[in-house]
Amino acid sequence: MTMQTYYYVLASQRFLTEEEPIDEVLQERTRNYHEQEKEIDFWLVNQPAFLEAPELAAVKAQCPQPASAIISTNPQFVTWLKLRLEFVITGAFQAPSYTIPQPLASLASIS
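Residues numbered from 1 in each chain as written. Predicted model: local features only at pLDDT ≥ 70, side-chain atom pairs only at ≥ 80, totals over all residues. Heavy atoms only, no water.

**Q** When you look at the sheet that holds strand β1 (residues 4-12) in this model, what are you seeing that I'm missing?
**A** Each strand in a sheet pairs with another by means of backbone hydrogen bonds, the pair being arranged parallel or else antiparallel. The antiparallel open sheet is built from 4 strands, whose spatial order is β2-β3-β1-β4. Looking at which strands have only one partner, the edges of the open sheet turn out to be β2 (42-46) and β4 (89-95). On average, adjacent strands in this sheet sit at an angle of 25° to one another, irrespective of strand direction. Summarising the sheet, β1 and β4 pair through 7 bridges and their orientation is antiparallel. Paired with Tyr7 across the bridge in β4 is Ala92. Contacting β2 and β3 (67-72), helix α2 (residues 22-35) crosses the sheet at an angle of about 150° to β2. Strands in contact with helix α4 (residues 75-85) are β1, β2, β3 and β4; relative to β1, the strand with the most contacts, it is inclined by about 15°. (Pairing = 2+ DSSP bridges. Helix = DSSP H or I, 4+ residues; strand = E, 2+ residues; numbered from the N terminus. Axes fitted to C-alpha atoms, helices over the stretch in contact; angles between N-to-C directions. Contact = heavy atoms within 4.5 Å.)

**Q** Would you mind showing me how to read α2 here?
**A** Helix length check: α2, at 14 residues, gives a terminal C-alpha distance of 20 Å against a target of 20 Å (1.5 Å per residue), a fit within 8%. Turning to α2, its buried residues number three or more, namely Ile22, Val25, Leu26 and Tyr33. Down the axis of α2, the sector holding all buried residues measures 90°, keeping them to one side. Opposite its buried face, α2 presents the exposed residues Glu24, Gln27, His34 and Glu35, each directed more than 90 degrees away. The secondary structure elements touched by the buried residues of α2 are α1 (13-19), β2, β3 and α4. Downstream of α2 by one or two residues, Glu37 has phi in the positive range, about 55°. (Expected span 1.5 Å × (residues − 1). Buried < 20%, exposed > 50% of the residue type's maximum accessible area, 1.4 Å probe, protein only. Arc of directions from axis to C-beta.)

**Q** Is there a simple way to think about the nonpolar core in this case?
**A** Soluble, globular proteins show a tendency: their nonpolar side chains are buried together. Counting residues in hydrophobic clusters, the biggest one holds 17 residues, and the most contacted among them are Tyr8, Leu10, Phe50, Leu56, Ile71 and Phe93. Every residue in contact with Tyr8, bar those within four places of it in the chain, is listed here: Phe50, Leu56, Val59, Ile70, Ile71, Val78, Ile89, Thr90, Gly91, Ala92 and Phe93. The next biggest cluster of nonpolar side chains, apart from the first, holds 15 residues, and it includes Phe15, Tyr33, Leu81 and Val88. (Core = buried A, V, L, I, M, F, W, Y, C linked by side-chain atoms within 4.5 Å.)

Below you can see the structure in the form of structure tokens.
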């Protein structure tokens, strides 16, 4: 099992998906990647499961719930998002691991 570092921008779901025009940012980024034939390395995850890992309990406690995260394997992208969004928490974690078996998993029920 190869460990990968995932970087994230975390905020309340309401802030990230309603108050900030994050859709536009992600669509623009996706278009840019397609033009450059780059593989997508970022994902928007509502109620990210990685927050349930014991080592991230303090991070989860800081963030209004339900939370959303933009998870990426690209640290520069997360730094750029942090500068653009301001009121977000950033960090990183290694996965897959015992406490985070699926880095992109969501606890949101599919409706």
